[in-house]
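Survey of secondary and tertiary structure
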Amino acid sequence: MATIVSLLVGALVAASALGFMDEGRAHGEGAGDIARVRERARRSFRRARRSVERARALVERGLAEHGVVTSRRRAERERIERAMPEAFGALAISLGSGLSLAQAMQYVGGRSEEPVRTEFLHASALMTCGVSSVDALDELVARLNAPALDLVVLALKVSRKTGASLTGLLSEASGLVGERIELARNLEVKTAQVRMSARLVAGMPVIMVGFLSLVSRDFRAGVATGPGIGSLVVALALNIAAWLVIRKIMQVDV
């Protein structure tokens, strides 16, 4: 997905730049006009990149609704999981030291990595601007899909009404997330060989077809016929179906 996006952005930028350069040559522009052309090319690059990023987000959201997680989404989820134990620990320290909830959220945001940093700072800004803490916390949960965050937010809401201490619960949440990360790492290590075998099994037919197409004239002639093309289409469909089934079997939610 990232490679496709990079290629699309590069193609759009190259087309825009060539268009601007041709326009500049046609009008015999000087150095000042060339600088303006370059600035227009940079603006076009930014617009094209934003458009492609929005398109990628829509595609990834649609795939996620059907249970398909892209590598970019998976990496972002893992980055959030790694940042949450430290965020919960900082939240426990800040609330234990007497800070308000908005100040505690700002404290956590200032010491966390993206995207946890932005979301906690956003929640702090909402509460500072007069939004109720319940609404700000609900929006935090909706915007940040992090493990154990919904439990912590529920505890924060109860604590706001009862005044109960959250130090123990936050420490326990931090430990649970840490254990989850460790379990996911162990699972990834133990299934690495199986995942590699699945990739080899799924890729071998494609490699063999490509190899035979290069070295065998009779194979190329057979593939060029109607039955040959039909056989390739059926084989490709079966191979894709088998790969999707294998991916589904290997996916383990921790």
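The paragraphs below set out a description of the structure included in this document. Because the structure is a prediction, the values reported are computed rather than measured.

A tally of helices and strands in the protein yields eleven helices and zero strands. Relative to its full complement of 254 residues, the protein shows a buried share of 25%. Pairs at least 24 apart in sequence give 58% of the contacts found in the protein among residues at least 6 apart. Accessible area for the protein stands at about 16,300 Å²; split by element, carbon and sulfur atoms hold 62% of it.

So, on to the packing of helix α4 (residues 101-110) against helix α5 (residues 116-128). Packing of α4 against α5 brings their axes to within 8 Å, and their N-to-C directions diverge by 155°. Judged by the angle between their axes, α4 and α5 are roughly antiparallel. Along this stretch, α4 crosses α5, giving a crossing that reads as left-handed. Note on element contacts: α5 touches α4 through Arg117, Phe120, Leu121, Ser124, Met127 and Thr128, opposite Leu101, Ala102, Met105, Gln106, Val108, Gly109 and Gly110. Classifying every residue of the contact of α4 with α5 gives seven nonpolar, five polar and one charged.

The next point concerns α4. Three- or four-residue spacings in an α-helix give side chains the same orientation, since the helix completes a turn every 3.6 residues. Buried residues of α4: Leu101, Ala102, Ala104, Met105, Val108 and Gly109, and no others. Buried residues of α4 fall within an arc of 160° about the axis and therefore sit on the same side.

A word on the side chain of Ser112. In this structure, Ser112 sits in the loop between α4 and α5. At 2.7 Å, the side chain of Ser112 and the backbone oxygen of Val108 are in polar contact. Beyond its immediate sequence surroundings of up to four residues, Ser112 is in contact with Ala87 and Arg117.

About the cut-offs
Residues numbered from 1 in each chain as written. Predicted model: local features only at pLDDT ≥ 70, side-chain atom pairs only at ≥ 80, totals over all residues. Heavy atoms only, no water. Helix = DSSP H or I, 4+ residues; strand = E, 2+ residues; numbered from the N terminus. Buried < 20%, exposed > 50% of the residue type's maximum accessible area, 1.4 Å probe, protein only. Contact = heavy atoms within 4.5 Å. Areas by Shrake-Rupley, 256 points an atom, 1.4 Å probe, with all protein chains shown as cover. Axes fitted to C-alpha atoms, helices over the stretch in contact; angles between N-to-C directions. Parallel < 35°, antiparallel > 145°, perpendicular 65-115°, else oblique. Left-handed = near helix turned anticlockwise from the far one by under 90°. Nonpolar A, V, L, I, M, F, W, Y, C, P; charged D, E, K, R; others polar. Arc of directions from axis to C-beta. Polar contact = N/O pair within 3.5 Å; in protein donor to acceptor, adjacent residues only side chain to side chain.

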